[in-house]
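This is what each chain is made of:
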Amino acid sequence: MVKIGVLALQGAVREHMKSLEACDVEAIAVKRKEELQDLDGLILPGGESTAMRRLIDKYDFMDALKEFAHAGKPMFGTCAGLILLAKDLVGYSEPHIGVMDIKVERNSFGRQVDSFEANLAIKDVTASFPAVFIRAPHIVEAGENVEILAKHNDRIVAAREGQFLGCSFHPELTEDHRLTAYFTQMVKEAKAKHFV
Amino acid sequence: MITGTDLVKRGMAEMQKGGVIMDVVNAEQAKIAEEAGAVAVMALERVPSDIRAAGGVARMADPRIVEEVLKAVTIPVMAKARIGHIVEARVLEAMGVDYIDESEVLTPADEEFHLNKKDYTVPFVCGCRDLGEAARRIGEGASMLRTKGEPGTGNIVEAVRHIRKVNAQVRKVVGMHEDELMTEAKLLGAPYELLLEIKRLGRLPVVNFAAGGVATPADAALMMQLGADGVFVGSGIFKSENPAKFARAIVEATTHFQDYKLIAELSKDLGTPMKGIEISSLAPEARMQERGW
């Protein structure tokens, strides 16, 4: 069975764990960088990206996360997690983990009163996915190797670049586990390839 | 595309889990809080201990302060409205505040009814001391709860009492037979359907933070161990000697609430925490926790 971690510094950790378990994989809450070692994939959950970043720095997680990415292991960022993955952030000179070739703008749909639910078509997943956007970011620009999976009102809200998957919304808040299942499939494929 | 749904409003609170929400009274404090890793700030005119000291009627903050804080940080901004004060709540919603606290820290505007929070697009957090109060607030549309404690005292005893009480009552409901829940609803003064939902989920349907008396990193970790989803810190931070250091220590203790060596390290040389108040020295009418119905 593959093991997938959820970065558990802050945010919607429990929901991602539940979603992973519903997809029949082993879910592990990661609070220490040492815990990254025997994982096959990692989810960066929704939460407050500034708060998560501070804790990442404090516990010296950053290099371990970059190594995880360089080892070719799949990573899935939702909302704040998408911000952590992006190579470029609107209004900031430095990215966080900075491994996915996308430019992301924070809080780009407005404040909490503008947060919304919408049905999305997600390429390779479903024609109708219940997406919950909360003070959500969006992908302003995507590199040439990035595959755009979903758009909402002409804005890119889900994308994949090889081992990296990111979305603006919160699949973990609904009972629809299809996007998580898509990620677990990515992890299984990456692991199989690694062993060949 | 729809806004203001339960999923969107409750989901916002889910994203705050494991974090610390800090009271601030100006842009400078808000920036210190954000820099320290707060998941949100509560914009106020005075922190609870100063509200206590000032006496008189405590109202919604001057919109100028709220506006200043909204502009200063990118993390969510909360603000307090008086219990039952429809217009204060609407004003804060119109200003784009991310969450409203219908709070007993301010002087209640209505001694009988709370706001009908379902009517609003903005989500609400409300205080509770037991499951009956928690369930009534959720029934009115609160998307997040916080146990009340006794605000502005720097004394954790009431916060402990309330989080233990709520969680013990949740466990009781979860363990009860469905046949028994209607009578339990009557005894608690809680909506029956909510008790059914709590039994089905095995927990409250919304996030529950702890508040009211958290004054040290160890206090924050204690609340997490007793089952809080996160912590509100009011007077504790900006009434301490070194707010930036204090704020960082509280954030870390909340994340790693079972790492006692770490808590020992980060509790060193923090300077004097706020001066506390022994609860029995507070006259009953001075206890903010009694406000709310």
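Residues numbered from 1 in each chain as written. Chains lettered and ligands numbered in written order. Predicted model: local features only at pLDDT ≥ 70, side-chain atom pairs only at ≥ 80, totals over all residues. Heavy atoms only, no water.

Chain B is annotated in an unreviewed UniProt entry as Pyridoxal 5'-phosphate synthase subunit PdxS from Neobacillus rhizosphaerae. Its UniProt record gives chain B the following Catalytic activity (unreviewed entry) comment, quoted word for word: "aldehydo-D-ribose 5-phosphate + D-glyceraldehyde 3-phosphate + L-glutamine = pyridoxal 5'-phosphate + L-glutamate + phosphate + 3 H2O + H(+)". The record in UniProt for chain B states the following under Sequence similarities (unreviewed entry): "Belongs to the PdxS/SNZ family." (UniProt positions renumbered as here; feature names shortened; annotations may be inferred.)

The name that an unreviewed UniProt entry assigns to chain A is Pyridoxal 5'-phosphate synthase subunit PdxT, with the source organism given as Neobacillus rhizosphaerae. Regarding chain A, the UniProt comment filed under Subunit (unreviewed entry) reads as follows: "In the presence of PdxS, forms a dodecamer of heterodimers. Only shows activity in the heterodimer."

We now examine the overall build of chain A. The secondary structure content of chain A amounts to five helices and 12 strands. Taking contacts inside chain A between residues at least 6 apart in sequence as the whole, the part at least 24 apart equals 64%. A gap of 3 Å separates the mean positions of the 24 positive and 29 negative side-chain charges of chain A. (Helix = DSSP H or I, 4+ residues; strand = E, 2+ residues; numbered from the N terminus. Contact = heavy atoms within 4.5 Å. Lys, Arg positive; Asp, Glu negative; His and termini not counted. Charge placed at Lys NZ, Arg CZ, Asp CG, Glu CD.)

Empty space among the atoms becomes apparent when a probe as large as a water molecule is rolled across them. Enumeration over the complete set of coordinates arrives at three cavities of 30 Å³ or more. Roughly 190 Å³ of internal volume is contained in the largest cavity. Considering the residues around the largest cavity, the lining is formed by 23 residues, among which Asp 23, Pro 48, Pro 151, Gly 212 and Gly 234 of chain B are closest to the centre. If you list the elements that add at least two residues to the lining of the largest cavity, you get strand S9 (231-233) and helix H11 (235-238) of chain B. Grouping the constituent residues of the lining of the largest cavity by class yields nine nonpolar, eight polar and six charged. Of the volumes computed, that of the second largest cavity is approximately 140 Å³. If you go around the second largest cavity, you meet 15 residues; those closest to its centre are Gly 47, Glu 48, Cys 79, Asn 107 and Arg 135 of chain A. Grouping the constituent residues of the lining of the second largest cavity by class yields seven nonpolar, five polar and three charged. (1 Å grid on protein atoms, 1.4 Å probe; cavity = no way out; pocket = protein on both sides within 12 Å on 5 of 7 lines; lining within 4 Å. Points joined across faces, edges and corners; volume = space filled by probe spheres on them. Nonpolar A, V, L, I, M, F, W, Y, C, P; charged D, E, K, R; others polar.)

All names here are of chain A. When you line up the elements, Lys 33 lands in the loop between strand S2 (26-30) and strand S3 (41-44). What makes Lys 33 partly exposed here is its relative accessible area of 30%. Here the side chain of Lys 33 touches Asp 60 through a polar contact of 3.0 Å, side chain to side chain. (Buried < 20%, exposed > 50% of the residue type's maximum accessible area, 1.4 Å probe, protein only. Polar contact = N/O pair within 3.5 Å; in protein donor to acceptor, adjacent residues only side chain to side chain.)

A full pass over the atoms with the stated rule returns 33 salt bridges over all chains. A salt bridge links Asp 40 of chain A to Lys 191 of chain A, with the shortest nitrogen-to-oxygen separation between them at 3.6 Å. With Asp 40 of chain A in the loop between S2 and S3 and Lys 191 of chain A in helix H5 (residues 178-195), this pair connects stretches of sequence that are 151 residues apart. Taking the relative accessible area as the measure of exposure, Asp 40 of chain A reaches 14% and is therefore buried. With a closest N to O distance of 2.5 Å, Arg 52 of chain B and Glu 150 of chain B form a salt bridge. Taken as a pair, Arg 52 of chain B in helix H3 (residues 48-54) and Glu 150 of chain B in the loop between strand S7 (144-147) and helix H7 (157-175) lie far apart in primary sequence, 98 residues in all. (Salt bridge = Lys/Arg side-chain N within 4 Å of Asp/Glu carboxyl O.)

Before going further, it helps to examine the side chain of Ser 240 of chain B. All names here are of chain B. As for its placement among the helices and strands, Ser 240 is situated in the loop between H11 and helix H12 (243-255). For Ser 240, a relative accessible area of 8% translates into the label buried. From its side chain, Ser 240 meets the backbone oxygen of Ile 237 in a polar contact 2.7 Å long. Apart from the residues within four sequence positions on either side, Ser 240 is in contact with Phe 246, Thr 272 and Pro 273.

Turning our attention to the UniProt feature "binding site: D-ribose 5-phosphate" (unreviewed entry) in chain B. All names here are of chain B. Under the local residue numbering, the UniProt record ascribes the feature "binding site: D-ribose 5-phosphate" (unreviewed entry) to Asp 23, Gly 152, Gly 213, Gly 234 and Ser 235. A maximum C-alpha distance of 12.5 Å among these annotated residues, which run over 213 residues, shows that they cluster at one spot. None of the other annotated residues line the largest cavity; only Asp 23, Gly 152, Gly 213, Gly 234 and Ser 235 do. Inspection of the secondary structure assignment puts Gly 152 in the loop between S7 and H7. Of the residues examined, Gly 152 reaches a relative accessible area of 9% and is grouped as buried. Ignoring sequence-local partners within four residues, the contact set of Gly 152 consists of Pro 48, Ser 49, Arg 52, Ser 235, Met 274 and Ile 277. In this fold, Gly 234 is placed in the loop between S9 and H11. Setting aside anything within four residues of it in sequence, one finds Gly 234 in contact with Asp 23, Val 47 and Pro 48.

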